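Working through the structure, step by step
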Amino acid sequence: MTLALYIARRFAKTVLTVFAGFFVLLYLIDMIEQIRRFADADISLGAAAELAALNTPQAVYRILPMILILASIALFLALARSSELVVIRAAGRSALRMLLAPLVTTLLIGAVAVALLNPIVAGTAKRYETLANRYKLGEGNVLSVSREGLWLRQGGPEGQTVIHAARSNTDGTVLYDASFLAFAEASGPVARIDAAEARLTEGAWTLTDAKEWRFDAGGNPERDARRQAALDLPSDLTPDQIRDSFGTPSTIAIWDLPAFIDGLERAGFSARKHNVWFQMELALPLLLMAMVLVGAGFTMRHARSGQTGTMVLLAIVSGFAIFLLRNFAQVLGENGQIPIVLAAWSPPLAAVLLSLTLLLHLEDG
């Protein structure tokens, strides 16, 4: 137990060191990128630093598997150079038994990352997108999905229009049982239009079977209401803007994803992309354990055995290969080419099995 705690403590310190190093490096790079990106908006250095601080956690979280494999390589190289690895093996500890401490530590790190770090990253990423859109576009269009249906907001020279629909097609360009509530900048709500169907065309919403109430005429809105078989409402929304308004699944905390997915499906949207992301987040601890096993498989050997540089390079290349395979499987899962569970769980599971095969092949004690 003492030896296991010693190895686990050293591994945890190594992970924190590598994590902090990447965080500082990526923060400095990202701050320069924010200054370049928003040069036209003439943002201050403080605003660029804030944007970088909000965007860096997402970037570091994305490369967490690579951080774990580098920490694994650093740990076992340090143990080999100090001859601690030789002493541990001479004491009768097999390679697989010695790996239990780093693997349990990695499992705890993965659980903390999914349960705590994921919501933090989602919050900072969402705040970053809000600030970035504000600097780039100003207060613009917003979309949200809830149990009550689909909500949209569009801007215009006369004020804002809030749009609600019970359901829609898969890309949000056709709304059913839609309501349009127009607000003036100073006087509040000025009109409401209900329509059986609203279809987004170029530069306008085309409403079918619409009924309009005016609140700014000083009369009786219900008495003066008008029914029209077809009506066009100007809009600067595009299908791409509506899809982009969903944001990426990474901006939604994992605890909120099931309810958000349910809301998407209720509104008639495809939630496959979010389902894939949810399953991949659940599989993240297994992927991190696979990365540790890959690093151990190539570097858990005596320093005098030679070819240390080659083994480190092979470990890093293997880690990148697993990382790219995971991203490729994610794309296939989002496009419906393979089942969601297979896309999320097969890359880390295959990496674990291959790493164990390598360790068993090289294990001699």
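As a reminder, the structure under discussion sits directly above these lines.
As the structure is a prediction and not an experimental result, all values here were calculated from the model.

1. Let's talk about the overall build of the chain
Looking only at helices and strands, one finds twelve helices and seven strands in the chain. When burial is assessed residue by residue, the chain has 42% of its 365 residues classed as buried. Long-range contacts, defined here as pairs at least 24 residues apart, represent 62% of the contacts in the chain between residues at least 6 apart. As displayed, the chain has an accessible area near 18700 Å², and 62% of this comes from carbon and sulfur atoms.

2. Considering the pairing of strand E5 (residues 188–201)
In this sheet, E5 lies alongside strand E4 (residues 174–184) in antiparallel orientation, the contact comprising ten bridges. Counterpart to phenylalanine 183 in the pairing with E5 is proline 189. In textbook terms, the turn of a hairpin is the stretch between consecutive antiparallel strands, and for E4 and E5 this stretch comprises three residues. With ten bridges joining them, E5 and strand E6 (residues 204–214) adopt antiparallel strand pairing. Bridging across to E6, arginine 192 finds its partner in tryptophan 213. Hairpin connection from E5 to E6: two residues lie between these consecutive antiparallel strands, with glycine 203 at a positive phi of about 85°.

3. Looking at the packing of helix H1 (residues 2–37) against helix H2 (residues 45–62)
Interaxial distance between H1 and H2 falls to 8 Å at its minimum, and their mutual angle equals 135°. As far as their axial angle goes, H2 and H1 are oblique. Considering only the axes of H1 and H2, their crossing is right-handed. Where H1 abuts H2, its residues Phe19, Phe23, Leu26, Tyr27, Asp30, Met31, Gln34 and Ile35 lie against Leu45, Ala48, Ala49, Leu51, Ala52, Ala53, Asn55, Thr56, Pro57, Ala59 and Val60. For the contact of H1 with H2, the residue count by class is 15 nonpolar, three polar and one charged.

4. Topic: the side chain of asparagine 55
Position of asparagine 55 relative to the elements: it lies in helix H2. Here the side chain of asparagine 55 touches aspartate 30 through a polar contact of 2.8 Å, side chain to side chain. Aside from chain neighbours lying at most four places away, what touches asparagine 55 is Asp30, Gln34 and Tyr128.

5. Side note on the pattern of salt bridges
Enumeration over the complete set of coordinates arrives at seven salt bridges. With a closest N to O distance of 3.0 Å, aspartate 194 and arginine 192 form a salt bridge. Here arginine 227 and aspartate 209 are joined by a salt bridge, their closest N and O atoms 3.7 Å apart. Of this pair, arginine 227 sits in strand E7 (residues 226–234) while aspartate 209 sits in strand E6, placing them 18 residues apart in sequence. By relative accessible area, which is 60% here, arginine 227 ends up exposed. Accessibility expressed as a relative area gives 44% for aspartate 209, which makes it partly exposed. Residues participating in the shared-partner salt-bridge network are Glu212, Arg214 and Arg226.

The rules we used
- Residues numbered from 1 in each chain as written.
- Predicted model: local features only at pLDDT ≥ 70, side-chain atom pairs only at ≥ 80, totals over all residues.
- Heavy atoms only, no water.
- Helix = DSSP H or I, 4+ residues; strand = E, 2+ residues; numbered from the N terminus.
- Buried < 20%, exposed > 50% of the residue type's maximum accessible area, 1.4 Å probe, protein only.
- Contact = heavy atoms within 4.5 Å.
- Areas by Shrake-Rupley, 256 points an atom, 1.4 Å probe, with all protein chains shown as cover.
- Pairing = 2+ DSSP bridges.
- Axes fitted to C-alpha atoms, helices over the stretch in contact; angles between N-to-C directions.
- Parallel < 35°, antiparallel > 145°, perpendicular 65-115°, else oblique.
- Left-handed = near helix turned anticlockwise from the far one by under 90°.
- Nonpolar A, V, L, I, M, F, W, Y, C, P; charged D, E, K, R; others polar.
- Polar contact = N/O pair within 3.5 Å; in protein donor to acceptor, adjacent residues only side chain to side chain.
- Salt bridge = Lys/Arg side-chain N within 4 Å of Asp/Glu carboxyl O.

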